[in-house]
Each structure stands twice: as structure tokens, then as C-alpha cells.
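Letter by letter, the chains look like this.
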Amino acid sequence: MKLFFRTIGEGTPLIILHGLWGASENWLPIAHLLEDKFQVILPDVRNHGQSPHDEAMNYEVMSNDVIELIEDLKLPVRPHIMGHSMGGKIVMALLLKRPELVNKAIVVDIAPISYSQRDGGSHNRIIDFMTNFDLSRLHSREEIKEAIRQHFRTERSQQLFLKNIKKTPSGFEWKINHQVISKHFDEISGCPSSLPYKTYDKEILFIKGEQSNLITGMECLQKEFPAARLIELPQCGHWIHSEQPEKLVQAVRNFLLE
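Everything numeric in this text was worked out from a predicted model, so none of it was measured. (Residues numbered from 1 in each chain as written. Predicted model: local features only at pLDDT ≥ 70, side-chain atom pairs only at ≥ 80, totals over all residues. Heavy atoms only, no water.)

### A short note on empty space enclosed by the protein
In the structure shown here, the tally under the stated rule is one cavity of 30 Å³ or more. Estimates place the volume of the largest cavity at around 50 Å³. What lines the largest cavity is Arg6, Ala23, Glu25, Asp44, Gly49, Gln50, Lys163, Asn164 and Lys175. Each of domain 1 (5–113 + 191–257) and domain 2 (122–181) accounts for three or more of the residues forming the lining of the largest cavity. (1 Å grid on protein atoms, 1.4 Å probe; cavity = no way out; pocket = protein on both sides within 12 Å on 5 of 7 lines; lining within 4 Å. Points joined across faces, edges and corners; volume = space filled by probe spheres on them. Domains from an automatic or database assignment.)

### Regarding the packing of helix 2 (residues 59–73) against helix 3 (residues 86–95)
At a closest axis distance of 9 Å, the pairing of helix 2 and helix 3 adopts a crossing angle of 75°. Here helix 3 runs roughly perpendicular to helix 2, going by the angle between their axes. Two secondary-structure elements touch here, helix 2 through Tyr59, Met62, Ser63, Val66, Ile67 and Ile70 and helix 3 through Met86, Lys89, Ile90, Ala93 and Leu94. (Axes fitted to C-alpha atoms, helices over the stretch in contact; angles between N-to-C directions. Helix = DSSP H or I, 4+ residues; strand = E, 2+ residues; numbered from the N terminus. Parallel < 35°, antiparallel > 145°, perpendicular 65-115°, else oblique. Contact = heavy atoms within 4.5 Å.)

### Quick look at the sheet that holds strand 2 (residues 12–17)
Across the sheet, which stays open at both edges, the seven strands sit in the order 1-3-2-4-5-8-9 with mixed pairing between neighbours. Both outer strands of the open sheet, strand 1 (5–8) and strand 9 (228–233), are each paired with one neighbouring strand and no more. Each adjacent strand pair in this sheet contributes to an overall mean axis angle of 20°, direction not counted. Taken together, the four bridges between strand 1 and strand 3 (residues 38–43) define a ladder with antiparallel strand orientation. Bridging from a neighbouring strand, arginine 6 pairs with leucine 42 of strand 3. On top of the sheet, helix 3 reaches strand 2, strand 4 (80–84), strand 5 (105–108) and strand 8 (204–209); it is set at about 140° to strand 4, its chief contact. (Pairing = 2+ DSSP bridges.)

### Brief notes about the pairing of strand 8
Strand 8 sits mainly inside the fold: six of its six residues count as buried. Side-chain alternation along strand 8 places Ile204, Phe206 and Lys208 on one buried face and Leu205, Ile207 and Gly209 on a second face that is also buried. In the sheet, strand 5 pairs with strand 8 via four bridges, with the strands oriented parallel. Bridged to isoleucine 106 within strand 8 is leucine 205. Sheet topology places strand 8 next to strand 9; six bridges connect them, and they run parallel. (Buried < 20%, exposed > 50% of the residue type's maximum accessible area, 1.4 Å probe, protein only.)

### Quick notes on the packing of helix 5 (residues 141–149) against helix 6 (residues 155–162)
Put simply, helix 5 and helix 6 touch, their axes get as near as 10 Å, and they point 135° apart. The angle between the axes of helix 5 and helix 6 places the two elements in the oblique class. In this structure, helix 5 meets helix 6 at a crossing whose hand is right-handed. Contacts from Arg141, Ile144, Lys145, Ile148 and Arg149 of helix 5 reach helix 6 at Gln158, Phe161 and Leu162. Split into classes, the residues belonging to the contact of helix 5 with helix 6 amount to four nonpolar, one polar and three charged. (Left-handed = near helix turned anticlockwise from the far one by under 90°. Nonpolar A, V, L, I, M, F, W, Y, C, P; charged D, E, K, R; others polar.)

### Section: the environment of isoleucine 15
On the secondary structure map, isoleucine 15 appears in strand 2. Distance from isoleucine 15 to histidine 48, taken between C-alpha atoms, is 16 Å for residues 33 residues apart in sequence. Not counting chain neighbours up to four residues away, the residues in contact with isoleucine 15 comprise Ile41, Pro43, Ile70, Pro79, His80, Ile81 and Met82.

### Some words on the side chain of lysine 208
Among the structural elements, lysine 208 can be located in strand 8. Looking at lysine 208, its side chain comes within polar contact range of the main-chain oxygen of serine 212, at 2.7 Å. Those residues in contact with lysine 208, other than ones at most four positions away along the chain, are Asp109, Ile215, Leu230, Ile231, Glu232, Leu233 and Ile240. (Polar contact = N/O pair within 3.5 Å; in protein donor to acceptor, adjacent residues only side chain to side chain.)

### As for the domain arrangement of the protein chain
Domain assignment breaks the protein chain into domain 1 (5–113 + 191–257) and domain 2 (122–181). Inter-centroid distance (C-alpha atoms) of domain 1 to domain 2 is 26 Å. Contacts between domain 1 and domain 2 engage 14 residues on the former and 14 residues on the latter. Both sides of the domain 1 and domain 2 interface together cover about 1300 Å² of buried area, and 63% of this is carbon and sulfur. Here domain 1 is connected to domain 2 by two salt bridges. Between glutamate 243 and arginine 156 there is a salt bridge, with the nearest N and O atoms lying 3.3 Å from each other. At the surface where domain 1 touches domain 2, the tally comes to five residue pairs in polar contact (both at pLDDT 80 or more). Within the side of domain 1 that touches domain 2, the residues separate by chemical class into four nonpolar, six polar and four charged. (Buried area = accessible area lost by both parts, 1.4 Å probe. Salt bridge = Lys/Arg side-chain N within 4 Å of Asp/Glu carboxyl O.)

Next up, the structure:
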């Protein structure tokens, strides 16, 4: 699959993969903070943003999409790669399939474990809302925003939905393929499986938000990633890139430029 992507800056290429329900545009502020040293490449994962929709949605095909992107770009040097949440699991799958394709790797606030039981509630609520919310009956973004506000109180939750809406000649539609995500949610929240390599032996940086419980410690990382490094950023949860962008960028610079 040919993924949609944005490119910002000049220097060593750095691919950043967004998480579930996200899109490349969510990482534009981070890209602008890194553009002085890196050519930041921001793809939309399949079934998200402006990338194509498809019935398949698992780490085998999602990592293949990124492998295809890397090969198509014909970059002069091997790129660094970073992924947040679901994007982090795509990075892990890619490293356990084609480790020679990338230079350094960073995974943001996710571990190589299944989260099906731990975090299914909030995701299921999003799926249910997208499935049952009739966009066609509303005629403006303000109407949509007010309707969303009745169900989701936080600004972050409201923006998640608003950024996933597009205007078409026939009315408003979801950008995101929530039907396929719903169908394959257990695979998405699970763990990449059936990969060629059991371990990735090069150094890899895992970044945890202090208030997030998605990385429980080194022991959940070292089976597949024995050379893992783990750092914790203060005063943030899972959404590190929006809660502590400067601290995240400094951690990325420290690792990639050392």
C-alpha cells in the first residue's frame, strides 16, 4: 500500500508513526521542533488520515506498508524510526522483520505485550460512538462539535473526533475506517506475532510517560529487545507528544544525536 506522508526539514531522515485514531498531522508540532537536524517523514497509517482504506489491519501488513515506504523513498542513508502507541508496535514488528532497513529506533509509551483487557474500554467507546453517530444529519462543523461535546467532555477526546472528519460533496464523513478497526481491534491491541526474528539486539529507546501504566518496567521489554533503554518523562501520561513536547524532543535528540 502506498501511504500518504508529509515531509518536513532537512538532515538525517526520521520516520514518525502515529497511534490508533491519530494521523500524521498530530505530529507536525514535534516535526517542526526537529526539522533543523532531521528530515521528518510523517506517514498516515492505513485506514487513517489520508492513506487508503483496506480490509486488512494487523502488524504484518502495517509494517509491510512502512517497509514499502522506506524502499520507495530511496533515502541516501538508513532512516531513524519512532512510533507512538500502535505506531510503536508497527516499529517493533518492522525491527523484528527487517532490522537492516533502519538506523536507530524509538518507541513511545507502548510495550510488546497485549493490552486487550487493560485498555479496551476507552477504545471500545470510541468505536461505538463512530459506529452509531450519524454524521449525515449534521450540516456544519459547529453542529458536529456540539453533538460530540454531549458525549465526550475533554478537549482531547473532542479533537480526536473532529480531526477524523472530512467534508465531501455528499456531506460529512469519517476519515478513519472505524469499521475495520473495530473488526480487527483484538489484533491491533494485541502483539505482533509470527515474525522472522525473535529478538532485536541493537539498542532501542523506549520512552514512558510518568502517569501512564502501559510500560510496567524493563522486564516487559527485554525478551524481544534485550538492549532496550527506558526513560520516563515527568508530568505526562500516554499523550507525551502533546503534554510534554519539548521534553520528548530533547529525549529524541539526545538518543539520535549521541
